[in-house]
Amino acid sequence: MSQVPNPNATLAVAILSGKGGVGKTNLALNLSYALFRAGHRVLLMDFDVGLANVDVLLGLSPEKNLQDLFRPDVQAQDVMLAVEPGGFDFLPAASGVPELLEMDDDMREVLFDKLNAVFGSYDYLMLDLGAGISQTVLSVAAMSQVRVLVVTPEPTSLTDSYAVIKVLHTQYGVSDFHVLVNQVESPADTQATFNRLSAACSHFLGFTPVLIGGVHSDPAVPDAVRRQIPLLRHAPRCQAAQDIIGGAVKLHRVRQQRREALIAGPVLGKIPVIRK
């Protein structure tokens, strides 16, 4: 994969989870919307190639998707859609397409060679990855500069989230994770959930992730989903929306802190080699 320079200091953020049903895609959409509303150019890329549904949350019916990029006559600009004029764009995936689910390194290289041509036009590349530990999810997460793991207080979410961290660390050499706790009832709930995950990482893996916040359970969230409108547009003053804005602020701080390093390298790193 060609290593395109990153003069705009684009921050690639992989948003992933150990299991489905934790609100990952909704948070990816609304974190993106929050960054856009703060004046940043954002490309939200649906890379959940098993169960793509960002388009559903937006009420869109894309004519093309990532699968079309394997055609020589289709470029990234042909697939992208504008969510909001002025710098919030969306790159749709396709659900249940074996060609995307079972991508090998050669296919990923073809895909990202086309996508690299547009990534540097944005301040943030937000990658909504699938849940679990498929090779495609793990590879793209390792290629990204920041990984945000969405967890909930449920024991199953914590167990599966730890599994994602463990595999990325042991097989891909990744030790840099941020955690966003969703569907919490209080700040104490956020901290307790994070502490359980952090303690397991510290004890068994020798490092700890970074907490970027918690998002309260809020009746406005399912209402926005039903209406197919981003929460931050539907109910920008609700508690969950304010929590998401807080998470976006912390992501922006990460970009500011890493700006020089971002400029010196590509938006996405090389396709990683799995450790044996």
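Here the structure is a predicted model, which is why all the values come from computation and not from measurement.

1. Section: the packing of aromatic side chains
For any pair of aromatic rings, geometry is given as the distance between the ring centres together with the angle between the planes.
Phase 1: What the rule picks out here adds up to seven aromatic pairs.
Phase 2: Following the ring pairs from residue to residue traces out a cluster consisting of Tyr33, Phe36 and Phe88.
Phase 3: If you follow Arg147 out to its NZ or CZ, it ends over the ring of Phe177, 6.0 Å from the centre.
Phase 4: Above the ring of Tyr124, the side-chain terminus of Arg255 is found at 5.3 Å from the ring centroid.

2. So, the sheet that holds strand β4 (residues 88–91)
Phase 1: Judged by pairing direction, the sheet is mixed, and its eight strands sit side by side in the order β3-β4-β2-β5-β1-β6-β7-β8 without closing on themselves. Strands at the two margins of the open sheet, each flanked by one partner only, are β3 (81–84) and β8 (210–216). Looking at each pair of strands side by side, their axes are set apart by 25° on average, direction ignored.
Phase 2: One ladder, built from six bridges, connects strand β7 (residues 178–184) with β8; its direction is parallel. Across the sheet, the residue bridging to Leu180 is Gly213, located in β8.
Phase 3: Docked against the sheet, helix α5 (residues 105–119) engages β2 (42–47), β4 and β5 (124–131), running at close to 160° with respect to β2.
Phase 4: Running over the sheet, helix α7 (residues 155–172) touches β1 (11–17) and β6 (146–151) and is turned about 160° from β6.

3. Regarding unusual backbone geometry
Phase 1: Residue Ala9 is not a glycine yet carries a positive backbone phi of 60°.
Phase 2: The phi torsion at Gln183 lies on the positive side, around 60°, for a residue other than glycine.
Phase 3: When its relative accessible area of 32% is taken as the criterion, Gln183 is described as partly exposed.

4. Thoughts on the pairing of β1
Phase 1: Within β1, seven of the seven residues are buried, which leaves the element mostly enclosed by the surrounding structure.
Phase 2: Residues Leu11, Val13, Ile15 and Ser17 line one face of β1 and the alternating positions Ala12, Ala14 and Leu16 line the opposite face, and both faces are buried.
Phase 3: Pairing of β1 with β5, which is carried by six bridges, proceeds in the parallel orientation. Bridged to Leu11 within β5 is Tyr124.

5. Concerning the pattern of salt bridges
Phase 1: Within this structure, the stated rule accounts for eleven salt bridges.
Phase 2: Close ionic contact of Lys19 with Glu154 constitutes a salt bridge, the shortest N to O distance being 3.8 Å. Taken together, the residues span a long stretch of sequence, with Lys19 in the loop between β1 and α1 (24–37) and Glu154 in the loop between β6 and α7 at a distance of 135 residues.
Phase 3: The exposure class assigned to Lys19 is partly exposed, which follows from its relative accessible area of 22%.
Phase 4: Classification of Glu154 by relative accessible area gives partly exposed; the value is 39%.
Phase 5: Glu84 is the salt-bridge partner of Arg233, the closest N and O atoms lying 3.0 Å from each other. Of this pair, Arg233 sits in helix α10 (residues 231–234) while Glu84 sits in strand β3, and the two are 149 residues apart along the sequence.
Phase 6: What makes Arg233 partly exposed here is its relative accessible area of 40%.
Phase 7: In this structure Glu84 comes out as buried when scored by relative accessible area, which is 18%.
Phase 8: Through salt bridges that share partners, Lys24, Asp48 and Asp128 make up one connected network.

Cut-offs used in this document
- Residues numbered from 1 in each chain as written.
- Predicted model: local features only at pLDDT ≥ 70, side-chain atom pairs only at ≥ 80, totals over all residues.
- Heavy atoms only, no water.
- Phe/Tyr/Trp six-rings, centres within 6.5 Å; stacked < 30°, edge-to-face > 60°.
- Lys NZ or Arg CZ within 6 Å of the ring centre and 35° of its normal.
- Pairing = 2+ DSSP bridges.
- Helix = DSSP H or I, 4+ residues; strand = E, 2+ residues; numbered from the N terminus.
- Axes fitted to C-alpha atoms, helices over the stretch in contact; angles between N-to-C directions.
- Contact = heavy atoms within 4.5 Å.
- Buried < 20%, exposed > 50% of the residue type's maximum accessible area, 1.4 Å probe, protein only.
- Salt bridge = Lys/Arg side-chain N within 4 Å of Asp/Glu carboxyl O.

Everything listed is a geometric property; what it means functionally is a separate question.
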